[in-house]
Amino acid sequence: MEARAIAKYIRVSPLKAKRVADLIRGKDYQRALDICNLTTTKPSKEFSKVLRSAAANAENNHDMDVSRLYVHSVSANQGPTLKRMRARSHGRGTIILKRSSHLEVILKERE
């Protein structure tokens, strides 16, 4: 039995989100939540929301014990990229890529 939560179109680079994902992968739910709350990056705040949502799904939809949950799998995949122009010298322009991410957390119950 597993509980999952997904946040799509988060305006943060997937590379930065994968750093936080590596920090919380395999940890207990409460420890992963503490890591997210103590890390001062934008992806950690978003992962904290997704973790709480997955725990609520586990408790309400699957009747799982929250104290026995752990992060089974976590992923930060690339979402759509917004392309913007920035003026440069001699009338030229440069493309600025504003990346987005899809964050997914899967929680399972320890035996």
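Presented here is a report on the structure given in the accompanying data block. (Residues numbered from 1 in each chain as written. Predicted model: local features only at pLDDT ≥ 70, side-chain atom pairs only at ≥ 80, totals over all residues. Heavy atoms only, no water.)

### Thoughts on the nonpolar core
Counting residues in hydrophobic clusters, the biggest one holds 28 residues, and the most contacted among them are I24, F47, L51, L103, V105 and L107. At the level of elements, β1 (2-10), α1 (14-24), α2 (29-38), α3 (42-61), β2 (69-78) and β5 (101-109) are the ones that each hand at least two residues to this core. With 6 residues, α3 is the largest single contributor of residues to this core. Excluding residues that lie within four positions of it along the chain, L51 makes contacts with I24, Y29, A32, L33, C36, V71, V105 and L107. (Core = buried A, V, L, I, M, F, W, Y, C linked by side-chain atoms within 4.5 Å. Buried < 20%, exposed > 50% of the residue type's maximum accessible area, 1.4 Å probe, protein only. Helix = DSSP H or I, 4+ residues; strand = E, 2+ residues; numbered from the N terminus. Contact = heavy atoms within 4.5 Å.)

### Points about the sheet that holds β5
Here we have 3 strands laid out as an open sheet, ordered β1-β5-β2, and antiparallel in their pairing. Across the chains shown, the open sheet's two edge strands, defined by having one partner strand only, are β1 and β2. For this sheet, the mean angle separating the axes of adjacent strands, direction not counted, is 15°. Strand direction decides the pairing type here: β2 and β5, joined by 9 bridges, are antiparallel. Bridged to N77 within β5 is H102. The sheet contacts of α3 involve β1, β2 and β5, and relative to β1 the element is tilted by about 145°. (Pairing = 2+ DSSP bridges. Axes fitted to C-alpha atoms, helices over the stretch in contact; angles between N-to-C directions.)

### Side note on the environment of H72
Mapped onto the elements, H72 comes out in strand β2. Apart from the residues lying within four places of it in its own chain, the contact partners of H72 are I106, L107 and K108.

### Let's talk about the pattern of salt bridges
As enumerated under the stated definition, the model contains 5 salt bridges in all. Here E2 ties to R4 by a salt bridge, and the two come within 2.8 Å at their closest N and O atoms. The exposure class of R4 is partly exposed, given its relative accessible area of 40%. Residue R25 is joined to D22 by a salt bridge in which the shortest nitrogen-to-oxygen separation is 2.7 Å. Owing to a relative accessible area of 38%, R25 belongs among the partly exposed residues under this scheme. What makes D22 exposed here is its relative accessible area of 51%. Within the structure, one salt-bridge network assembled from shared partners comprises E2, R4 and E104. (Salt bridge = Lys/Arg side-chain N within 4 Å of Asp/Glu carboxyl O.)

### Quick notes on the packing of α1 against α3
Here α1 crosses α3 at 55°, and the two axes come no closer than 9 Å. Taken as axis vectors, α1 and α3 run oblique relative to one another. Here α1 runs over α3; the crossing is right-handed. Contacts between α1 and α3 involve K16, A17, V20, A21 and I24 from the first element and P43, S44, F47 and L51 from the second. Classifying every residue of the contact of α1 with α3 gives 7 nonpolar, 1 polar and 1 charged. (Parallel < 35°, antiparallel > 145°, perpendicular 65-115°, else oblique. Left-handed = near helix turned anticlockwise from the far one by under 90°. Nonpolar A, V, L, I, M, F, W, Y, C, P; charged D, E, K, R; others polar.)

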